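# Fold and geometry: a report
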Amino acid sequence: MKKLLVDRKIIAILMLASFFFSSCENWLDIAPEKDLIKDNFWKKADDANSALAAVYGSLRDVSLENFIWGECRADIAVNMPGNYTPISGSDIDPENDAINWSKYYRTINLANTLLYYSGEVLENDMSFTQKMKDGIDAEALFIRSLSYFYLVRLWKEVPLILNPSISDTSNLYYAKSTEAVIIKQIISDLLIAKDKAYTTEFLNDLEYFKGRANQYSIMTLLADVYLWNQQYEKCIECCDYVISSGLYSLQPKDTWFEIYNPCNSVEGIFELQCRDDGTTNQTNPIYTGIPTLINLTNGQAAFGKGPKYVALFPDNSDKRYCNGKTSLWKYVGLNYDENLRRSVVSERDANVIYYRYADILLMKAEALNELGRVAEAQSFVTQTAERAGMLPVTGITDQTEMRNIILDERAKEFALEGKRWFDLLRKAKMNGFQNKRELGDLLVNLADAKSQALLKSKVNDTMMYYLPIPYDELKRNKNLKQNPFYER
Amino acid sequence: MSYMDIIGVRPSGIELTSLRWETIEQTNLGFDMTLYNGRINLIFDYYVKTTHDLYLKDTKIPTTSGFSTLNINDGEMQNRGAELYLDYTIVKTGNFQFDINVNAATNENVVLRLPENYSIETGNVLNNGEYLMKVQPGDPLGGFYGYQYLGVYSRTSDAVATDAVGDPILGLDGLPLTMQMGNVGAEKYTFVGGDARYMDVNHDGKIDRLDVVYLGDLNPRYTGGGGARISYRNLTLNSFFTFKYGSKIINQTRMYAENMSGFDNQTRAVNSRWRKEGDVTDVPRALWSGPGTTNYGYNWLGSDRFVEDGSFIRFKTLSLTYNFGEKFCDKIRVNDLKIYVTGYNLYTWTRYSGQDPDVAPPSKPNILPVDNNLTPPSKRILLGINITF
């Protein structure tokens, strides 16, 4: 009998407890404590800024790839790291892990998400003005365009995704778009961005001015896209826009190395800002991604001097040769003539320079030359050559000769800045790949001696200049079709 | 993800708006039969269980979405099987009774449908120690793929590519082509004497993804148990056995203890490893390369070498009970008094070389079912007195 009484007490306690805890009826809807959830985001100006920072952060993550792909298959540097080694010899397997576009698309999705929600912030936060929204939208469009420009030059045809993947009902299985469609989208996006973007608002804050996309960086990227697309008049217009702003000039001859150390020189147009503050993880990925880069003394370092590099700099007369020091001296040297390295910290916080004024001058030279204005082109090539201590380029009248001079000048000016492969490909693909033979020969020469014979029969297929769709992506998305060159 | 002085924030995943419960549709067909005044009890059950809206966690999605995985409900899976239970009282006299009971079950698991763009594929068979796992309609969950292990190349001259009838394939120079590893890398690895030999299924002179075959899955074909119960007067002897038949286990512990490519302790099996040209053995050479090189060979690729039959019969319990009867209990004023001795996990009959063939299935279908030789079930003897007041 006693036992029964105890049971009753317990039941009473349980009933009481259930009364107290019944207020938790919505326990399924409790939000996770540490994570932000979407419903609470996109309310304040800070949210838009944070989302924008993530877009830039993602671009920083992909900068290592941008840099390597710009050199990997070209002739300025040899000894590509890890899985890039076979690719540099045109031994390209879709299963090679180095072939991976996920970081590009992560950046694109973050930009798409920001573009999708920035209007919501505008409605929710009075302090977030239309001008701020436009500025942020322009930056997102710039980074998205830059990402697609890399994708289209590397893969030629990729999915063109302009909507964010915000819920599991979003379309995730896009097919490829053609190069023409993607280029058209990039151009129209950049034209929209140009009108929305900041101009000189951040002029007093050098890091913001060089590190965040403004009207001038947008016009520079647009010039590059027009040049790729053989719209030379338009390219010149864009270059002239930047030139006539008067905000940029070549860093003077005596202090030219300041472009790289300490960065943010008068020449910088878009420099992705890096920091080595030990906490926010903003170090330059080129250093953190390639350990051998820092260990340049062991002879096995990645990015040794390639055949073209050696040919371009026969002696010390060109300052850009840095007296024969390592090809990567611009990334590690304290200055160009002394044999002193930067401290490790200031190596890692060096910016990733995407565009600088020298690019504007040489793009304009190239566009002028392609329009037959060879003599005018000469004066622009001369500017960068003279800055490097070389003689002016004079007396050239032949367009083809001039084209090669400009290409070589770009190779010297931007050696190991991740541009060479795209320059070579741009030249090869002109007018329906009229110059493909040169690029084909180059690829054969750079290949492993054993595979050269086989490669010779393949380099006529222009699709081999582009990367295969990653094997894993084909598995994940059946709407994707492999680049025909790599189909087995 | 910060940029300059701005702290970056980004979504960690795609918002899940269409998750729902799995729906299970089950059909049962069975009968209960009692014969000879309850001396035979037979229960039989056949079932077909179809799971709709299969919950697929961490489904790989195209990275063009900006993400790489998503949890979704899609697909259909079916389990079909039968269960049998038999209870038979063989002898029943005044103070002697002998019963046996047996239960057995068989289950067949098959994935019927998956989302069109769906693929679970894990494991890179070009790396040592990795098996390919994939789930595709028509296959059971948990199946794994790998190479067929053919022993060890006794001599370097044996490591040549052969055609379907076993003749060496000759190269342009008239010499036999050497076997190569079809890996992606700067240098192709060429097999030499002492290296593990794998079946070159398609006879192309390369060991690669195309040479991978289905090796099995962890799901047993039959499971069950049974035992006998004998009671004479106050004494009862009870036994129980369990069994599993037809499961395949990847013995990862053995893999690590025989791979000879690190500093881990190794088993005695490595004593019979290949050491010099001409040695005939089935354990490859030890391949530890010095600092500065990364060539560890391909001697322990995921192959049937480490896949073992996980069938077993386990003598789970044996128990002897003495019941002191009513008279005695009344005398000492208790309701009931028993003493017993029980042995657990007394013996396991198996060909499996690891600690315990009863390997628990992994928590997710895309995890490889490997045995890491966790603590096996202990053998215990329990002695007890049971008094009820």
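Within each chain, residue numbers correspond to sequence positions counted from 1 in written order. Labels are handed out in written order, letters beginning with A for the chains and numbers beginning with 1 for the ligands. Selection of residues for local features in this predicted model requires a pLDDT of at least 70, selection of side-chain atom pairs for listing and counting requires 80 or more, and totals for whole chains, interfaces and linings are taken over all residues. With hydrogens and water stripped out, all remaining heavy atoms of the structure feed into the side-chain values.

For helices the rule is a DSSP run of H or I covering at least 4 residues; for strands it is a run of E covering at least 2, with both sets numbered from the N terminus onward. The helix and strand tally for chain A stands at 21 helices and 4 strands. Relative accessible area decides the class of each residue, using a 1.4 Å probe on protein chains only: under 20% of the type maximum gives buried, over 50% gives exposed, and in between gives partly exposed. The buried share among the 488 residues of chain A stands at 56%. Here, two residues are considered to be in contact whenever any of their heavy atoms come within 4.5 Å of each other. Considering only contacts within chain A whose residues lie at least 6 apart along the sequence, 69% involve residues at least 24 apart. For chain A, the exposed area adds up to about 20900 Å²; of that, 53% sits on carbon and sulfur atoms. Every accessible area reported is derived by Shrake-Rupley at a probe size of 1.4 Å, with residue values counting cover from the shown protein chains alone.

Quick look at the confidence of the model for chain B now. Residues and elements named next belong to chain B. Residue-level confidence of the predictor is summarised by pLDDT, bounded by 0 at the bottom and 100 at the top. Model confidence for chain B is summarised by a mean pLDDT of 87, while 95% of its residues fall at 70 or above. Here strand E7 (residues 120–122) is the element of chain B with the lowest mean pLDDT, 76, and strand E17 (residues 235–245) is the one with the highest, 94. For this predicted complex, the interface score ipTM comes out at 0.87, alongside a pTM of 0.79.

Here we take up the interface of chain A and chain B. Across the boundary between the two partners, chain A contributes 52 residues, which contact 38 residues of chain B. Buried area is calculated as the accessible area (1.4 Å probe) missing from two parts once they are joined, with the contributions of both summed. Regarding the contact of chain A and chain B, the summed buried area is about 3900 Å², with carbon and sulfur atoms giving 55% of it. By definition, a salt bridge exists where a carboxyl oxygen of Asp or Glu is found within 4 Å of a side-chain nitrogen of Lys or Arg. Inspection of the chain A/chain B interface yields 1 salt bridge. Salt-bridge contacts for Arg209 of chain B lead to Glu95 of chain A; the nearest nitrogen and oxygen are separated by 2.4 Å. Polar contacts here mean pairs of N or O atoms no more than 3.5 Å apart (in protein, one a potential hydrogen donor and the other a potential acceptor; neighbouring residues in sequence count only if both atoms are side-chain atoms). Counting every contact that joins chain A to chain B gives 19 residue pairs in polar contact (both at pLDDT 80 or more). Only helix H2 (45–72), helix H3 (84–88), helix H4 (102–124), helix H7 (206–211), strand E2 (268–272) and helix H21 (471–476) of chain A provide two or more residues apiece to the side of chain A that touches chain B. Per-element tally for the side of chain A that touches chain B: the top contributor is H2 of chain A, with 10 residues. Residues were grouped as follows: Ala, Val, Leu, Ile, Met, Phe, Trp, Tyr, Cys and Pro as nonpolar; Asp, Glu, Lys and Arg as charged; and all remaining residues, including Gly, as polar. Across the side of chain A that touches chain B, the residue classes break down as 18 nonpolar, 17 polar and 17 charged.

We now examine the environment of Asn109 of chain A. Mapped onto the fold, Asn109 of chain A is located in helix H4. What makes Asn109 of chain A buried here is its relative accessible area of 3%. In sequence terms Asn109 of chain A and Arg144 of chain A are 35 residues apart; their C-alpha atoms lie 8.4 Å from each other. With near-sequence residues (within four places) excluded, Asn109 of chain A lies in contact with Pro164 and Ser165 of chain A together with Ser65, Gly66 and Phe67 of chain B.

Residues and elements named next belong to chain A. Two kinds of site are reported from a 1 Å grid over the protein atoms alone, namely cavities, where a 1.4 Å probe fits but cannot get out, and pockets, open sets with protein on both sides within 12 Å along at least five of seven lines, and residues are called lining when an atom falls within 4 Å of a point. Grid points are joined across faces, edges and corners, and a volume is the space filled by probe spheres set on the points. Inspection of the entire model under this criterion finds 6 cavities of 30 Å³ or more. When its volume is computed, the largest cavity comes out at roughly 320 Å³. For the lining of the largest cavity, the secondary-structure elements that each account for two or more residues are H2, helix H5 (130–155), helix H10 (285–289), helix H13 (329–332), strand E4 (352–356) and helix H18 (420–433). At 4 residues, the largest contribution of residues to the lining of the largest cavity is made by E4. Each residue belonging to the lining of the largest cavity can be placed in one class, and the counts come to 14 nonpolar, 4 polar and 9 charged.

Residue and element names in this part refer to chain B. Here, strands pair whenever DSSP counts at least two bridges between them. Sheet topology note: the strand E2 (residues 40–52)/strand E5 (residues 76–92) ladder contains 12 bridges and is antiparallel. Pairing of Asn41 across the sheet is with Asp87, part of E5. Summarising the sheet, E5 and strand E6 (residues 96–113) pair through 16 bridges and their orientation is antiparallel. Across the sheet, Asp87 pairs through a bridge with Asn101, a residue of E6. Between E5 and E6, which pair antiparallel and follow one another directly, the connecting turn spans 3 residues.

Residues and elements named next belong to chain A. Enumeration according to the criterion identifies 49 salt bridges over all chains in this entry. Between Lys133 and Asp137 there is a salt bridge, with the nearest N and O atoms lying 2.7 Å from each other. Residue Lys133 and its partner Asp137 are located together in helix H5, separated by 4 residues, close to a single helical turn. Exposure class is identical for Lys133 and Asp137. Each is buried. Among the salt bridges present, the one from Lys419 reaches Asp359, with a minimum N-O distance of 2.8 Å. Here Lys419, found in the loop between helix H17 (399–413) and H18, pairs with Asp359, found in helix H15 (residues 357–370); they are 60 residues apart in sequence, far enough to count as distant. Here the two residues Lys419 and Asp359 agree in accessibility, since each one is buried. One continuous salt-bridge network, built from bridges that share partners, spans Glu267, Asp318, Arg320, Lys330, Arg356, Arg387, Glu409, Glu413 and Glu417.

Next up on the list: the state of the cysteines. Residue and element names in this part refer to chain A. Only a pair of cysteine sulfur atoms within 2.5 Å qualifies as a disulfide here. The final tally for this structure, using the stated rule, is 0 disulfides over all chains. Here Cys238 is not disulfide-linked; the sulfur of Cys235 is the nearest cysteine sulfur, at 6.8 Å. The exposure class of Cys238 is buried, given its relative accessible area of 3%. Note on Cys274: no disulfide assigned, nearest cysteine sulfur contributed by Cys263 at a separation of 8.4 Å.

All names here are of chain B. Of note, Asp371 is situated in strand E22 (residues 370–371). A positive count includes Lys and Arg, and a negative count includes Asp and Glu. His and the chain ends are not counted in either. For the buried Asp371, no salt bridge exists, and the shortest N-O distance to an oppositely charged side chain is 9.2 Å, to Arg254. Excluding residues that lie within four positions of it along the chain, Asp371 makes contacts with Ile249, Ile250, Asn251, Gln252, Thr253, Tyr352, Asp356 and Val359.

What follows deals with helix H6 (residues 179–196) of chain A. A turn of α-helix holds 3.6 residues, and therefore any two residues three or four places apart point the same way. All names here are of chain A. In a regular helix each residue adds 1.5 Å, so 18 residues correspond to 26 Å; H6 covers 26 Å between its end C-alpha atoms and thus fits that length. All of the buried residues in H6 are Glu179, Ile182, Ile183, Ile186, Ile187, Asp189, Leu190, Ala193 and Lys194. Looking at the buried side of H6, the elements it contacts are H5, helix H8 (215–228), helix H9 (232–245) and H18. What a helix should span is 1.5 Å times the count of its residues minus one.

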